[in-house]
Each structure stands twice: as C-alpha cells, then as structure tokens.
Amino acid sequence: MKNISIKLILLVWCLALQFPVFGFTQRNLLQKAGVSVDSLKKVLIVDYSWVPCPDYDDRDGWDNFLGDKKEYCIGQGEECLDYKWQIILATDYLEYQRSGSRDAMQTPYGENNDALSKLVIAELAEGKGRFIDQIINGVYQYCQMASWAVSAHLNMQKFDKVLPYYKENIIDLQVADVGAFLSWTYYFLHKEFDKVNPVISDYLRAEITRRVLDPYMANPSMIGWMALGRVPRMVNNWNTWCNSNVLQCFLLVEDDKDKLAAAVWQSMQSVDQFINFNHEDGACAEGPSYWGVAAGKMFDYLDLLSLATGGKISIFSEPIIKNLGEYISNTYAGNKWTVNFSDASAKSAEDFYLWYRFGKAVNSLEMVHLAALLYNPDIYPFKSNKRQCADIFKGLRAMNVRGELLVCKPEHRFKPYVAYPQSEMCLMSNNAGYFFAAKGGNNGESHNHNDVGSFVLYIDSKPVIIDAGVGTYTRQTFGPERYTIWTMRSDYHNLPIVNGIVQKDGKEYRAGKLIFNEKKKFFSVDIASAYPDEAQLKKWERSYRLEKDKLRIIDSFVLNEILLNNEVIFMLPTFPQIVSPGKIMFDNADGKVFLQYETRQFEPTVEIITLDDTKLSTVWGKTIYRVILKSIQPMLSGTYTYTISKK
C-alpha cells in the first residue's frame, strides 16, 4: 500500500510538472463530438460518396473539375513516361549513420515520389490509360521496398535502427504520406490495374494494410506520436500529419465497417491529444512554417472526418480551433515573410488554399481575406516535392475552392497588439509599418532553439532584426549535438550573453514574470531562468515597447557575481555600418534603419556570417550579420537601453 501511494504521488507530481509546461487541458473535443465507436458506425459513409471529386471514369466531370489545369497535369505526367525508377541502396540508408546525411536516402526516394505523383495525377486528368503501365512500375517499386520510412526515422524500430528491419512496420511521416497517396492510387485506379492483372491491386492493397492499417491498430500506445500512452506526453506536428494521412488510408482501403469505425475512433482519440496539448490561445510552438503540418494538418483531418461522416462530427465551432487557425494570419509579416521562432523559416509557404479552407470552416474573415490577397491561380494545387508525394486530398479540396477565392475580398491588416499569454508570445504593430514579435516560453519546446526572450522586427514588411532559422536537417539536428549548431544557440539570437554564458537547453530553462500591456504596446519577460547557474544571474528583465516611430528595448539586470563583460546580440539581414558613436545604420531595401545604444555602456563589433547551407541562403542570401554590443564597464546591476527606428 505504501509503495502504491508513493507511485501515485510521483505520478501526480510528474503530471503537475508536465501539463503546465506543455499546456495540457483534457478537452477531448472529438471524443465528445463522436460519442462512441457504435455511434461512428451509424454516421460513417462507406460508399465513397464523400470523396470531393468525380469518379475516375467520369471524364466530363474531371474536365470540369480540373478546368485550365488539365493540360498542365497531363504535361507533368508526360515528363515521367520514361522515368527510371530509383533503387534505394543499403548504403543510402547507412549514410545517415556514417555522415549524418539524410539526402543520400531521401533524394532517390523523393525522385520516385515526385514521378509517381505526376503520373497518377496525369492519368486522372487524361483518363486514357496512357500512364497506367508506368504507374504500375512505380507501385511495384513501392510494394517491394523494405520500408516506406526514411533513414532518419528508423530509430523508431526496436531492433536495427539503421537499416529497415523486415520484421517491423513502423509508421513515420513518410510511411503515412506514401500510404495515403497509394491509397488514393488504389481507390482511383484499381479497376484499371485489374484490366492488366488483378495481382497488382491485390498486392498494393495488401501492402497498405501491412505497413499502415495493421501496425496503426496493433499497439497504439507504443507509437509515440499518437500520444495514447498512460501518461500523456508532449505532442507535435507528427500527430496530425500522420493521423490525417492514416485516416485517408482507412477510409479508402478498409471495407470492414467494424474495423473502420474502430480505426477512426482511435484516430479521434489521438488527434484529441494534439488539441489537448495546445494552448487555448492557439499559438504554434513550432512556428509558422510548421503550422501547415501541425494545425494545418489538424484542419485537413477535421475536414476529412466531417466529409466522411456527412458533417455529423465537426468541431469547427470550438474557439481553440479558430485560434489555432488565426495564428497563421496573425504572424504573417507580408511579402512572404513571417514570424519565425524555433525551427521555422522566415519565408512563408503562403498556402492560400489551406488558409482559405480553414478560415471558411471557422468563420475567420481575416484568414479568408488574406488567402484571397495572396491567391495566385497559376499555383498548381497537386504539387509534390523531393520529400513527400503529392497530397491528393489537399489538392482536391483546393480545387473545390478555386472559384470562391476569385470573388473573395483581398485584404490583410496587422493587428495593433496580439497577446498569446499561455504560449508566452506577443505581436505588435504600429501605423509607421513596424511589425514586432517576441517570445518567452522555455528551451524544451518542440523543434526548440535556445531563444527565450528573443524577438524579430519587420519594417514595411521587410526583415530588420531576424531569427536566422534552421539549416538543412541532418542526424546532428535531432541528436545530442543539436546545440553545437550555431542556429540553435542563444548567442546567435537577439539576446544577451551573460558573464560569457549562453542559455541552456531543457524545459526547466524558461521565462518568468511575463507582462502583457496592450494599451501601452508593452511586453516584458524575465529571462534569468533561461541561463544556467554559471551565469551568476539573479534577474534579467527585458522589456519591449513599440512606440509610434521606434521600438524601445530595455534590459534591467542583477548579477550575483561579475565574471566577464556582458554582450548583447542583434542579428541582421543586411550589412550594418557604425555611422557615429552610439548609432549603427543598415539598409531596409526602401530606406535606412538605425540601431542606437549608449556609447558609455557598449563597444560595438560586427561579425559576418557566411551562409553555406542552401536552406538558409535561399532565405537570406550569402551572408547575414551579427552585431555584438560588448559592455565597457562591468556592473553587478544596471540598465541597458536600445532603440530601433527609421531615423
């Protein structure tokens, strides 16, 4: 009895620590909407009438559905009629362990994904059977692969974590993605395959079942991203990304209604965990560029579930769902730029089809108007890339709303002040074209950077003070060497280096004493707890105030001991010039911007950072710049003030 009590106390203590950090609230919105497995059986549509496009053999239907995109779809497929399917070698998998490179395995895999995507879409567009043989070649290629998982995710296997192990079928992002694409291929083309040889369809269906359907149901508590273990765990984009794809697999391939209902119910329980672990304010901890595969994939899941139940299961009216959607419009900085914390990129994907669909579902005018503003009818909705297959469901739903976007009002307005109190982030703007964002949080977030208290600033929708983002993913990115990578460290964010010490990784290194003041356009956070004890830091309160013509930053600090001179970092996209004592000037495309500081407190230096990683250089060009303000006179306590303005 005593042991049981001790275990119970420890469990409660662990939960009490975990839930506030990750924002866990037991909402279970989907389970409440769905009620039970038996209820699902009554509302699930099993005759495929929910599919939002014509049947394969409805040629007039497809002509009308694709409209001016028909010939483009066919042309894309024609480029792949002579494609040579790539064989992924054992050494391609081994390269991830040997050098950390994901590309050795993912490049040939991605080329196959791209080719098969184009061929299938082309056949749907043309409907003459011209692409069928080459599609069959691709289908056989996938069916004969040892695993659909990528090399970087084989650590999910229990046994061999380097090469695909034939006794295991894990479900990672790629398995779910490929499974969904092949399920649509089966749904649309299995009758055409049967005209060639019935073995083809049978083989494909069996492999989807073996690799996705069976392992999904076999032991869900052991699949980490499903978050269905006894103690809830932090949930990231894998949950909704995988669940939305797996749901497609079941709806398109599983014809046993009992099994289908059980799988859908399980997916609802899992996606509930994603919603439960998000804060009510709706901020995406992984940043806007991950929003599309986090909250965006949650929306695709909810949209699919609503379609498949004839609208009987829908939670779009819940406030948290709308808040999760509007995060993407709130953080949009204009001209393809966006607020980027964590592993997010500062360049936005501008997925206007998704934004419009989401906004329409939750009745968000700001989302639909922004989508209309960014709408480009030339953008191909079925695009694939060198990692994922084409997202057929998303493409079909995009085609469903193309006409609506043409007549929707195009508009985007920056809100003067947006507080995310639970997620510890603040956005502000003024009439002079300044758009600012800062964060508190902790250094144990999903896709974490050590950036508690950091900020970014845009003026006239152009970056002024930046977060560099993240480079190309390698083994080191998600391993014990993560914080040896400069983009992850606090000394390459807009933060102080205290006594020569930078912030530490871990959820215990976090912000404190946050203050939001909308009326004064003010945000303040104590970042002392984000630094380890070696920093000898008692207090470091950083406050941001957006005034009518400038951003004012004030650091108020107290140290226990002086070890080294403090340094304060500012990351810039353009070359800074020290034009006079206390004044640094840099370009903002249309004009000049000035960073001003106290000359009696700091000595400035400028570091040029060469970007040899294409993921970074595509965003910023060949170089970015690091301004280092080094304190002249060490002090146990004091105040630093800086301003950033156009003059």
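Scoring rules and cut-offs
Residues numbered from 1 in each chain as written. Predicted model: local features only at pLDDT ≥ 70, side-chain atom pairs only at ≥ 80, totals over all residues. Heavy atoms only, no water. Helix = DSSP H or I, 4+ residues; strand = E, 2+ residues; numbered from the N terminus. Rg over C-alpha atoms; globule rule 2.2 N^0.38 Å. Buried < 20%, exposed > 50% of the residue type's maximum accessible area, 1.4 Å probe, protein only. Contact = heavy atoms within 4.5 Å. Lys, Arg positive; Asp, Glu negative; His and termini not counted. Charge placed at Lys NZ, Arg CZ, Asp CG, Glu CD. Salt bridge = Lys/Arg side-chain N within 4 Å of Asp/Glu carboxyl O. Polar contact = N/O pair within 3.5 Å; in protein donor to acceptor, adjacent residues only side chain to side chain. Axes fitted to C-alpha atoms, helices over the stretch in contact; angles between N-to-C directions. Left-handed = near helix turned anticlockwise from the far one by under 90°. Nonpolar A, V, L, I, M, F, W, Y, C, P; charged D, E, K, R; others polar. Phe/Tyr/Trp six-rings, centres within 6.5 Å; stacked < 30°, edge-to-face > 60°. Lys NZ or Arg CZ within 6 Å of the ring centre and 35° of its normal. Patch = residues over 30% accessible without salt bridge, like charges linked within 9 Å, V, L, I, M, F, W, Y side chains within 5 Å. Areas by Shrake-Rupley, 256 points an atom, 1.4 Å probe, with all protein chains shown as cover. Pairing = 2+ DSSP bridges.

Asker: What is the right way to look at the overall build of the protein in this model?
Answerer: Helix and strand counts for the protein come out as 19 helices and 21 strands. A compact globule built from 647 residues would reach a C-alpha radius of gyration of about 26 Å, and the protein, at 26 Å, matches this within 12%. If one aligns the C-alpha atoms of the protein with their principal axes, the spans along those axes are about 85 × 70 × 50 Å. Looking at the protein as a whole, 58% of its 647 residues are labelled buried. For the protein, long-range pairs separated by at least 24 residues make up 72% of all intrachain contacts whose partners lie at least 6 apart in sequence. A distance of 5 Å separates the average location of the 71 positive side-chain charges in the protein from that of its 75 negative side-chain charges.

Asker: Could you clarify how one ought to interpret the pattern of salt bridges in this entry?
Answerer: Opposite charge on two side chains lets them pair, provided their charged atoms get close. One pass over the structure, following the stated rule, counts 36 salt bridges. Put simply, Asp 258 and Lys 41 hold a salt bridge, and the shortest N to O gap is 3.0 Å. Note that Asp 258 is positioned in helix H12 (residues 257-276) and Lys 41 in helix H3 (residues 37-43), a separation of 217 residues in sequence.

Asker: Would you mind showing me how to read the environment of Arg 130 here?
Answerer: Relative to the helices and strands, Arg 130 is located in the loop between helix H7 (103-126) and helix H8 (132-143). On the basis of relative accessible area, Arg 130 is assigned to the partly exposed category, the value being 37%. Residues Arg 130 and Ile 313 lie 183 residues apart in sequence; the distance between their C-alpha atoms is 40 Å. Sequence-distant contacts of Arg 130, that is, excluding residues within four places in its chain, are made with Ile 74, Glu 78, Leu 81 and Glu 123. Among the polar contacts listed, one links the side chain of Arg 130 to the side chain of Glu 78, at a separation of 2.8 Å. Within polar-contact distance, the side chain of Arg 130 engages the side chain of Glu 126 at 2.7 Å.

Asker: Would you explain the packing of H12 against helix H14 (residues 295-308) in this entry?
Answerer: Two numbers describe a pair of packed helices, the interaxial angle and the distance between the axes. Put simply, H12 and H14 touch, their axes get as near as 12 Å, and they point 150° apart. For the pair H12 and H14, the crossing hand works out as left-handed. Every residue of H14 that contacts H12 at Val 264, Ser 267, Met 268, Val 271, Phe 274 and Ile 275 is listed here: Ala 295, Met 298, Tyr 301 and Leu 305. Tallied by class, the residues present in the contact of H12 with H14 amount to 9 nonpolar, 1 polar and no charged.

Asker: So what exactly am I meant to see when it comes to the environment of Tyr 509 here?
Answerer: Mapped onto the elements of the fold, Tyr 509 is located in strand S10 (residues 506-510). On the basis of relative accessible area, Tyr 509 is assigned to the buried category, the value being 18%. When the C-alpha positions of Tyr 509 and Asn 443 are compared, they lie 5.7 Å apart, and in sequence the two are 66 residues distant.

Asker: Just to check I follow, could you spell out the side chain of Gln 273 for this structure?
Answerer: Within the fold, Gln 273 resides in helix H12. Engagement of the side chain of Gln 273 in a polar contact is seen with the backbone oxygen of Ala 227, the distance being 2.9 Å.

Asker: Looking at this model, I keep getting lost on the packing of aromatic side chains. Mind explaining?
Answerer: Where two aromatic rings form a pair, the distance of their centres and the angle of their planes describe that pair. One pass over the structure, following the stated rule, counts 43 aromatic pairs. For the cation-ring pair, Lys 583 lies above Phe 594, with the distance from its terminal atom to the ring centre recorded as 4.7 Å.

Asker: Is there a simple way to think about a nonpolar patch on the surface in this case?
Answerer: Taken together, Phe 575, Ile 578, Val 606 and Ile 608 make up a surface patch of nonpolar side chains, about 350 Å² in accessible area. Its location among the elements puts Ile 578 in strand S16 (residues 576-580).

Asker: What is the right way to read the environment of Phe 602 from this model?
Answerer: Considering the arrangement of structural elements, one finds Phe 602 in strand S19 (residues 602-610). The exposure class assigned to Phe 602 is buried, which follows from its relative accessible area of 2%. Considered as a pair, Phe 602 and Leu 406 are 196 residues apart in the sequence and their alpha carbons are 54 Å apart. If we skip the residues at most four places from it in the chain, Phe 602 touches Val 568, Tyr 597, Leu 629, Lys 630, Ser 631, Ile 632, Tyr 640 and Tyr 642.

Asker: It is not clear to me how the sheet that holds strand S15 (residues 567-572) should be interpreted in this structure. Could you clarify?
Answerer: In spatial order, the strands read S9-S15-S20-S19; together these 4 strands make up an open sheet with antiparallel pairing. Edge positions in the open sheet fall to strand S9 (496-497) and S19, since each of these has one partner strand only. Pairing between S9 and S15: 2 bridges, direction antiparallel. Across the sheet, residue Pro 496 finds its bridge partner in S15, namely Val 568.

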